[in-house]
Amino acid sequence: MDPRELNHLFEQMSPTPDQEEAILARLQAPEKAVKNPSRRWKKSVFVLTAAAAMALACAAAAFSALDPRLLSFFQRTPQDTELLGEGVVAVDQSHTYENGWTVSVRQVLADRYSLTVLVEVTAPEGTALYQDQYNYYFDLSSQLLPEAENAAGVGGWRSGSTLLADDDPTDNQLTFLWYRSPTSYLEAETETFTGRTAVLSPRQLRYDVPDTHLDWETDFPREEWSCTVDLPAEDSGTEIPASQTVLVGEDEMEVTQLYLSPISCALTLQGEEHDSRMWG
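Being a predicted model, the structure only gives us computed values, none of them experimental.

With that settled, the discussion passes to the overall build of the chain. Scanning the chain from terminus to terminus reveals five helices and 13 strands. Partitioning the intrachain contacts of the chain with sequence separation of at least 6 by distance along the chain shows that 60% fall at a separation of at least 24. Accessible surface, the chain as shown: approximately 16,500 Å² in total, 49% of it carbon and sulfur.

Here you go:
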C-alpha cells in the first residue's frame, strides 16, 4: 500500500479530539461492578479498539513528517516509522546555478554511522531527462562538524547515490538518495553522525548511455552554495553484543558488536592488537 494511502487510512480511523477525551475519561474512571459480564466484555473491546485507533493516529503523524519517497524506499511498517522518524530532519533548501540547474535538499536521515540525503535535481526548463535511456549518478561533498581531533583508527568511508522512481520519467527532474557510511572504525565518539552538523555541497550530476562509452556531466561549483544541517542528537539504532570468528580476506577476526537501525547495519571486527575495523 502506498504511504499516502496509509496516511488516508489512518486519518479515517483516528478518533476526534472529543472522542479521545471520552476514551481517556473512561480509562481513568474506577471500574464499577456489573451484573452482566457480556456488557463488561464489550466495554473492554471498545476501549482496546479505541486505543488501537489512537496508536494508528500517532503512526499517521509520524508518517506525515516523512517524505513518502523515503518511506517507499526503506519500506517501513507503521511499527518502524516512529524509529525512522527520529532520525529525519526537514531541510527544504534550494539553489539555482548559473547554468540553469537547480538542486534542492529536501530531507536528511541519519543514524550513528550513516547519513542519507533526499535530493531533487531540476534541469533548465525544456530539458528532458530520460530515465529509461541513461544511467544517472549524483555526488555531494559532505563535511561533519566539529571535526575530530587525534581520532584513533582510520577514517575511511564510502558514498554513492540511488536514483528514485519518477512518475514522469521524461520530465526535467530527478530525485536521488545520496548516502555516506563508514568502512573503517574510529574510536572517537565525535566520528559518529548523531549530534553533529553536516555541511553538504552539490558537486556533480553524471549520466551515461548503458552499454556504451558515451557519458556527460554537469558540475555544480562547491564554492557557490552549500547547505548546513544539524543532525539529530538521538540515535535510532541499538547495539547487539556478538562473538563470532570470521575470515576477512586472509585475516581471522572476531565480530564483537552488531549495530542495527531502521536504515543501516554495521559490524565491528576485532583482529590482532590495534586492528579494529567497521563495515556498514
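On to empty space enclosed by the protein. Evaluation of the coordinates by the stated rule reveals one cavity of 30 Å³ or more. Roughly 30 Å³ of internal volume is contained in the largest cavity. Leu83, Leu84, Gly87, Leu109, Ala110, Asp111, Ser236, Ser261, Pro262 and Ile263 together form the lining of the largest cavity. Among the secondary structure elements, those contributing two or more residues to the lining of the largest cavity are helix 5 (78-86) and strand 2 (102-110). Considering only residue class, the lining of the largest cavity consists of six nonpolar, three polar and one charged.

This part is about the sheet that holds strand 2. Strand pairing within a sheet occurs via backbone hydrogen bonds; the two strands may be parallel or antiparallel. Across the sheet, five strands lie side by side as 1-2-3-6-5; this open sheet has antiparallel pairing. Every interior strand has two partners, whereas the edge strands, strand 1 (88-96) and strand 5 (157-163), have only one. For this sheet the average axis-to-axis angle between neighbouring strands, irrespective of direction, equals 20°. As paired elements, strand 3 (residues 115-122) and strand 6 (residues 173-182) share eight bridges and run antiparallel to each other. If you follow Val121 over to strand 6, its bridge partner there is Leu174.

Mapped onto the secondary structure, Thr245 falls in strand 10 (residues 238-248). Separated by 26 residues in the primary sequence, Thr245 and Gly271 have C-alpha atoms spaced 9.5 Å apart. Setting aside residues no more than four positions away along its own chain, Thr245 makes contact with Glu252, Met253 and Glu254.

Mean pLDDT for the chain: 75, with 65% of residues reaching 70 or above. Within the model, pLDDT remains below 50 along residues 1-15, and this stretch shows 22 contacts once partners closer than five positions in the same chain are excluded. Under a pLDDT of 50 for its full length, residues 30-64 has, in the predicted model, 27 contacts with residues more than four places off or in other chains.

Another point: the pairing of strand 10. Taken together, the nine bridges between strand 10 and strand 11 (residues 251-260) define a ladder with antiparallel strand orientation. Bridge pairing links Leu247 to Glu252 in strand 11. From the end of strand 10 to the start of strand 11, which pair antiparallel, there are two residues, and Gly249 there has a positive phi angle of about 65°.

Considering all chains together, one arrives at nine aromatic pairs under this definition. An angle of 80° between the planes, with centres 5.0 Å apart, marks the rings of Tyr113 and Tyr259 as edge-to-face. With a gap of 146 residues between them, Tyr113 in the loop between strand 2 and strand 3 and Tyr259 in strand 11 connect regions that are remote in the sequence. Each member of the pair, Tyr113 as well as Tyr259, is classed as buried. Taken together, a centroid distance of 6.1 Å and an interplanar angle of 65° make the contact between Tyr134 and Tyr136 edge-to-face.

Cut-offs applied
- Residues numbered from 1 in each chain as written.
- Predicted model: local features only at pLDDT ≥ 70, side-chain atom pairs only at ≥ 80, totals over all residues.
- Heavy atoms only, no water.
- Helix = DSSP H or I, 4+ residues; strand = E, 2+ residues; numbered from the N terminus.
- Contact = heavy atoms within 4.5 Å.
- Areas by Shrake-Rupley, 256 points an atom, 1.4 Å probe, with all protein chains shown as cover.
- 1 Å grid on protein atoms, 1.4 Å probe; cavity = no way out; pocket = protein on both sides within 12 Å on 5 of 7 lines; lining within 4 Å.
- Points joined across faces, edges and corners; volume = space filled by probe spheres on them.
- Nonpolar A, V, L, I, M, F, W, Y, C, P; charged D, E, K, R; others polar.
- Pairing = 2+ DSSP bridges.
- Axes fitted to C-alpha atoms, helices over the stretch in contact; angles between N-to-C directions.
- pLDDT = per-residue confidence, 0-100.
- Phe/Tyr/Trp six-rings, centres within 6.5 Å; stacked < 30°, edge-to-face > 60°.
- Buried < 20%, exposed > 50% of the residue type's maximum accessible area, 1.4 Å probe, protein only.

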